[in-house]
Amino acid sequence: SRDATNCLFVSAANSTTCTANETCSGGAGAASCACNPAPAICSHGAGTYCDGNAVTTCVADAHGCVTIQSTQVACGAHQTCGGAAGGAACACNAAPASCTGAGTFCTSSGVQSLCQVDAQHCVFSDAANNTSCGPHQTCQGAALGGACTCNDTCPADAVGGTYCLSTAQQASCANDGNACHIQS
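Definitions and limits used
- Residues numbered from 1 in each chain as written.
- Predicted model: local features only at pLDDT ≥ 70, side-chain atom pairs only at ≥ 80, totals over all residues.
- Heavy atoms only, no water.
- Helix = DSSP H or I, 4+ residues; strand = E, 2+ residues; numbered from the N terminus.
- Buried < 20%, exposed > 50% of the residue type's maximum accessible area, 1.4 Å probe, protein only.
- Contact = heavy atoms within 4.5 Å.
- Areas by Shrake-Rupley, 256 points an atom, 1.4 Å probe, with all protein chains shown as cover.
- Disulfide = S-S within 2.5 Å.

J.: Help me out: how do you make sense of the overall build of the protein chain in this one?
T.: Across its full length, the protein chain carries zero helices and 17 strands. Each principal axis of the C-alpha atoms in the protein chain carries an extent, and together these give about 130 × 20 × 20 Å. A burial count over the protein chain gives 23% of its 184 residues as buried. The contacts in the protein chain between residues at least 6 apart in sequence include a share of 34% that link residues at least 24 apart. Carbon and sulfur atoms make up 54% of the accessible area of the protein chain, which amounts to about 11000 Å² in all.

J.: I keep staring at the state of the cysteines and nothing clicks. Help me out?
T.: When the sulfur atoms of two cysteines share a covalent bond, that bond is a disulfide. For the coordinates displayed, the defined rule picks out eleven disulfides. The disulfide that involves C154 links it to C173, with 1.8 Å between the sulfurs. An S-S torsion of about 60 degrees defines the bridge between C154 and C173 as right-handed. With C154 in the loop between β14 (147-150) and β15 (161-166) and C173 in strand β16 (residues 169-175), this residue pair connects regions lying 19 residues apart in the sequence. For the pair C154 and C173, a shared accessibility class is recorded, and that class is buried. C18 provides the cysteine sulfur closest to C24, a residue in no disulfide bond, and the two sulfurs are 4.6 Å apart. Residue C24 is classed as exposed on the basis of its relative accessible area of 52%. Counting only cysteine sulfurs, C173 is the nearest neighbor of C164, a cysteine outside any disulfide, at a range of 13 Å. By relative accessible area, which is 63% here, C164 ends up exposed.

The structure is reproduced here in structure tokens:
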């Protein structure tokens, strides 16, 4: 605009203030506010992205300028960040086949494991919680609820005494340290 003496001036009514995500550039008469470059992690615009094992959220403001919305959100101890750029998320790591909820399960015929559920609802098993079955025991059960179970070799009502194996043979029965009924 020009004033009464034909001098150029900026009219406050016609000026534009660039946002914090923009920079004014261009020559006189052609200047405009343009978006600052998006952060490198926001390679596909607004959306969610993996940054290590954490999720970063990128947003576009009213002018289409892309910025990081807030601090990263770390994935849980039993999660991994994955997914396509712009649509990434934390997802639970795969648990052993029989580990489908909280409880015990068999990882082998001689090992009982503990299946747990964490705060992110991820099902997991930690080898530190594995228990080896004792003598005269095997882990039995193909699903959740499997446990070390006694392989009894004599009936419970014979524990502490004798019983007949046949009409010609007698045997003794006792409990071992795991309360398994063992013929002796």
